[in-house]
Amino acid sequence: MRIDRLLCCQNKSIWRAAVFPVFVLLPLVAVPSARADDTNLENQIQELQRQNAILEQKLEQQNQSIQSLSDRVNELNSTNAPQQAGEYTAPAPLGGYNLGNVHLSAEGGVALFNTGREGFAPDAEFRLDEARLFVEAPIWKEVYFQGELDLATREDSGISVTPGEVYLDCQDISDLWGKDGQLNLRAGNMYIPFGEEYLTRYAIDNPLVSHSLSDLWGYSPGIELYGNLGRFTYVAAVQNSIYGDGIDGFDGDKSVAARIGYDPNQHFHFSISAMRTGNLHANKTSAIWFASGFFQSLGGPDTTWFHVDLVEGDVTARWSSGYLQAFAGFGHYGDNDPTANNSRDFVYYSAEGVQNLPNKFYAAARFSQILAEKGIPVVGFGYDDDYFSAQASELWRLSLGLGYRFSPNFLVKAEYAFENGRDINGEDRDDENFFGTEAAFKF
């Protein structure tokens, strides 16, 4: 019994000797392990906090980028200088109505005009300045119909229904060789692609009420190619050369116009344009307008044809709240008058600036001038019957305006313009100053 008890006691002692260190060392081992776990957990929390801060920073940067892009879109809508690959076109009206695949929209302007006693509106008249309807519809694959119906225009003080641009647009012909946008084709009645002012001359797109003094624009039936090659764009057209109905040109001669554009970045745009009107019958006028009139024969009664050649350069610089754009051009007139040499050169230029102001206001200014030593018909703000054929040696216009944009679809603006110059007979043209205010809209 003693031996057994002794063995039992020895076993208990051995067990205590073996187990006791475990219970003593276990807390000592567990404490560092717990501390390590706490440290790891703290590090993980700090890492999550750091990553969360980085995500919040990136989210803020994305929000700023989205806001910047939104401001840029609003700026482009408000400053009215849209640029598209290939042919530049007036921005499509926002909104409108869809009837199946047919999209209908409209735009226009109502105005009050007043000029000096030698101007076109000496008695302060209200006008329906513009009213246009637009129809767009797909025809087949990448072929589309574009139609414009003019109910009222600046050039016709009455109300009538006449077609504006009406054409078929065959887009992305360059898909045949795997390139988007390199070659497109239009056929129908289209704007003459010379210069760039005509792209923003509609009331809703024009920051001022008037246009530049030269105001080169017009449309005529023909065919047009346009597209883009990287940062370059191009458009070229062959069109009928006369205004209105009748025999086209001299022995069917056509007008040819082309423009090449270059956009090095989002802030700058450059282009150069060239045009020949073709040889026109002496009793006709050109399809393209110039200085609120047309190019016309300056020869004597034996003159049978005349022509005008033009070249122009345009540049635009943009910043976040406005832009500055300018153009300058050179023209040459010639005819086949057997009794006199009527050839003459003329130059024209314009510079326009727009600055957005707080609370949706903006300010705009434009200076433009035409110089022709031998004289060229320049109507300007003058009364058409008096100045349609009167030849000016120089005329300038300074336009100052203020506008308020309720939205991209509705704005009101006011302008006062000074116009002065001299005819080749020495008479001053100093009573044509213009005041106008207009509400422009589109839907």
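Residues numbered from 1 in each chain as written. Predicted model: local features only at pLDDT ≥ 70, side-chain atom pairs only at ≥ 80, totals over all residues. Heavy atoms only, no water.

Caption draft 1: Expanded view of the pairing of strand E9 (residues 254-265). With nine bridges joining them, strand E8 (residues 232-240) and E9 adopt antiparallel strand pairing. Considered in E9, the bridge of Val238 is made with Val256. When E9 meets strand E10 (residues 268-276), the two strands line up antiparallel, connected through eight bridges. Looking across to E10, one finds that Asn265 is bridged to Phe268. Hairpin geometry of E9 and E10 is characterised by an intervening segment of two residues between the two adjacent antiparallel strands. (Pairing = 2+ DSSP bridges. Helix = DSSP H or I, 4+ residues; strand = E, 2+ residues; numbered from the N terminus.)

Caption draft 2: Summary view of the environment of Gln239. Among the structural elements, Gln239 can be located in strand E8. C-alpha separation for the pair Gln239 and Tyr191, spaced 48 residues apart in sequence, amounts to 9.5 Å. Among residues more than four places away in sequence, those in contact with Gln239 are Met190, Tyr191, Ile192, Pro193, Ser220, Pro221, Gly222, Lys254 and Ser255. From its side chain, Gln239 meets the backbone oxygen of Met190 in a polar contact 2.9 Å long. (Contact = heavy atoms within 4.5 Å. Polar contact = N/O pair within 3.5 Å; in protein donor to acceptor, adjacent residues only side chain to side chain.)

Caption draft 3: Spatial organisation of the pairing of strand E12 (residues 285-290). Most of E12 is tucked away, with five of its six residues classed as buried. Summarising the sheet, E12 and strand E13 (residues 293-296) pair through three bridges and their orientation is antiparallel. Across the sheet, the residue bridging to Phe290 is Gly293, located in E13. The hairpin formed by E12 and E13 contains two residues between the paired strands, and Ala291 there has a positive phi angle of roughly 55 degrees. (Buried < 20%, exposed > 50% of the residue type's maximum accessible area, 1.4 Å probe, protein only.)

Caption draft 4: Quick peek at the nonpolar core. Residues Phe290, Phe295 and Phe346 are the most contacted members of the largest nonpolar core, which totals 27 residues. Residue assignment for this core shows that the elements contributing at least two residues are E12, strand E14 (305-319), strand E15 (322-335), strand E16 (344-356), strand E17 (361-377) and strand E18 (391-407). When near neighbours in sequence (up to four residues on either side) are disregarded, Phe346 contacts Phe290, Phe295, Val308, Leu310, Gly329, Phe330, Gly331, His332, Leu371, Ala372 and Ile376. In this structure, Leu208, Tyr323, Val354 and Ala440 belong to the second largest nonpolar core, which totals nine residues. (Core = buried A, V, L, I, M, F, W, Y, C linked by side-chain atoms within 4.5 Å.)

Caption draft 5: Focus on the pattern of salt bridges. Taken as a whole, this structure holds 17 salt bridges when the rule is applied. Arg154 serves as the salt-bridge partner of Glu438, at 3.9 Å between the closest nitrogen and oxygen. One end of the pair, Glu438, is in strand E21 (residues 434-442); the other, Arg154, is in the loop between strand E4 (143-152) and strand E5 (162-170), and 284 residues separate them in sequence. Like Arg154, Glu438 is buried. (Salt bridge = Lys/Arg side-chain N within 4 Å of Asp/Glu carboxyl O.)

Caption draft 6: Representation of the environment of Arg259. Tracing the backbone through its elements, the reader meets Arg259 in strand E9. For Arg259, a relative accessible area of 3% translates into the label buried. Sequence separation between Arg259 and Ala237 is 22 residues, and the spatial gap between their C-alpha atoms is 9.4 Å.

Caption draft 7: Seen up close, the confidence of the model for the protein chain. Per-residue confidence for the protein chain averages 85 on the pLDDT scale, and 79% of its residues sit at or above 70. Within the model, pLDDT remains below 50 along residues 1-36, and this stretch shows three contacts once partners closer than five positions in the same chain are excluded. Counting interchain partners and residues more than four positions distant, the pLDDT-below-50 stretch residues 75-93 has 63 contacts. (pLDDT = per-residue confidence, 0-100.)

Caption draft 8: Highlighting a negative patch on the surface. The grouping of Glu118, Asp384, Asp385, Asp386 and Asp430 at the surface amounts to a negative patch. Summarising the element assignment, Asp385 is placed in helix H2 (residues 384-387). Classification of Asp385 by relative accessible area gives exposed; the value is 60%. (Patch = residues over 30% accessible without salt bridge, like charges linked within 9 Å, V, L, I, M, F, W, Y side chains within 5 Å. Areas by Shrake-Rupley, 256 points an atom, 1.4 Å probe, with all protein chains shown as cover. Lys, Arg positive; Asp, Glu negative; His and termini not counted. Charge placed at Lys NZ, Arg CZ, Asp CG, Glu CD.)

Caption draft 9: Up close: the packing of aromatic side chains. The tally for this structure, following the rule as stated, stands at 27 aromatic pairs. Note on Tyr97 and Phe443: the rings are 6.3 Å apart at their centroids and 70 degrees apart in plane angle, and the pair reads as edge-to-face. Here Tyr97 is found in strand E1 (residues 97-99), whereas its partner Phe443 is found in the segment after E21, with 346 residues between them in sequence. Overall, the relative accessible area of 53% leaves Tyr97 in the exposed class. With a centroid separation of 6.0 Å and 40 degrees between ring planes, the pair formed by Phe295 and Phe346 is classed as tilted. With Phe295 in strand E13 and Phe346 in strand E16, this pair connects stretches of sequence that are 51 residues apart. Like Phe346, Phe295 is buried. (Phe/Tyr/Trp six-rings, centres within 6.5 Å; stacked < 30°, edge-to-face > 60°.)

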